[in-house]
Amino acid sequence: QVQLVESGGGLVQAGGSLRLSCAASGRFFSINAMGWYRQAPGKQRELVATITSGGNTNYADSVKGRFTISRDNAKNTVYLEMNSLKPEDTHVYYCKAIGRPSSWSLDTNYWGQGTQVTVSS
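This section reports on the structure supplied with the text. (Residues numbered from 1 in each chain as written. Predicted model: local features only at pLDDT ≥ 70, side-chain atom pairs only at ≥ 80, totals over all residues. Heavy atoms only, no water.)

As for the sheet that holds strand 1 (residues 2-7)
- Across the sheet, four strands lie side by side as 1-3-8-7; this open sheet has antiparallel pairing. What marks the edges here is a single partner per strand, and that holds for strand 1 and strand 7 (67-72). If you compare each strand with its neighbour and ignore which way they point, the axes differ by 15° on average.
- Pairing geometry for strand 7 and strand 8 (residues 77-82), over six bridges, is antiparallel. From the neighbouring strand, Arg 71 faces strand 8, where its bridge partner is Val 78. (Pairing = 2+ DSSP bridges. Helix = DSSP H or I, 4+ residues; strand = E, 2+ residues; numbered from the N terminus. Axes fitted to C-alpha atoms, helices over the stretch in contact; angles between N-to-C directions.)

Below, the structure written as structure tokens:
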């Protein structure tokens with residue numbers, strides 16, 4: 001079973017920075033794309049950034065130029081460097097991974113438990 005463990009959330013002042021980490025662990029054949037999503041109370045979960053195993057990235061328009069996603073394939077870990085944070089960035093941030101539990105399986109979506117990011121004005 002694959003588990004995703006997020007860390008790095010917290011409270012920061014507007015204009016500050018945080019770095020989120022998410023490590024995939026457990027038994028799996030491969031981890032392919034990884035990414036970050038965020039969700040406010042009562043709202044739909046939305047994409048923040050994704051990255052493929054080959055390093056191709058995609059960002060939501062609201063975070064382009066401020067956030068940077070990266071990964072360490074050897075560690076099965078994805079990072080989100082968040083700079084110039086704004087109060088509207090306050091959300092629970094969730095890590096997502098797409099992987100294969102075994103060599104004969106199809107891709108499966110995995111989600112972390114979420115980490116709170118709060119940006120004060």
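Once you've had a look at it, read on.
Concerning the state of the cysteines
- Across all of its chains, the model carries one disulfide by this definition.
- Between Cys 22 and Cys 95 runs a disulfide, and the two sulfur atoms are separated by 2.0 Å. On the S-S bond that ties Cys 22 to Cys 95, the torsion sits near -85°, and the link is left-handed. You can see Cys 22 sitting in strand 3 (residues 18-26) and its partner Cys 95 sitting in strand 9 (residues 91-100), a full 73 residues away along the chain.
- The buried category is assigned to Cys 22, whose relative accessible area is 0%. (Disulfide = S-S within 2.5 Å. Buried < 20%, exposed > 50% of the residue type's maximum accessible area, 1.4 Å probe, protein only.)

These figures capture arrangement, not role.
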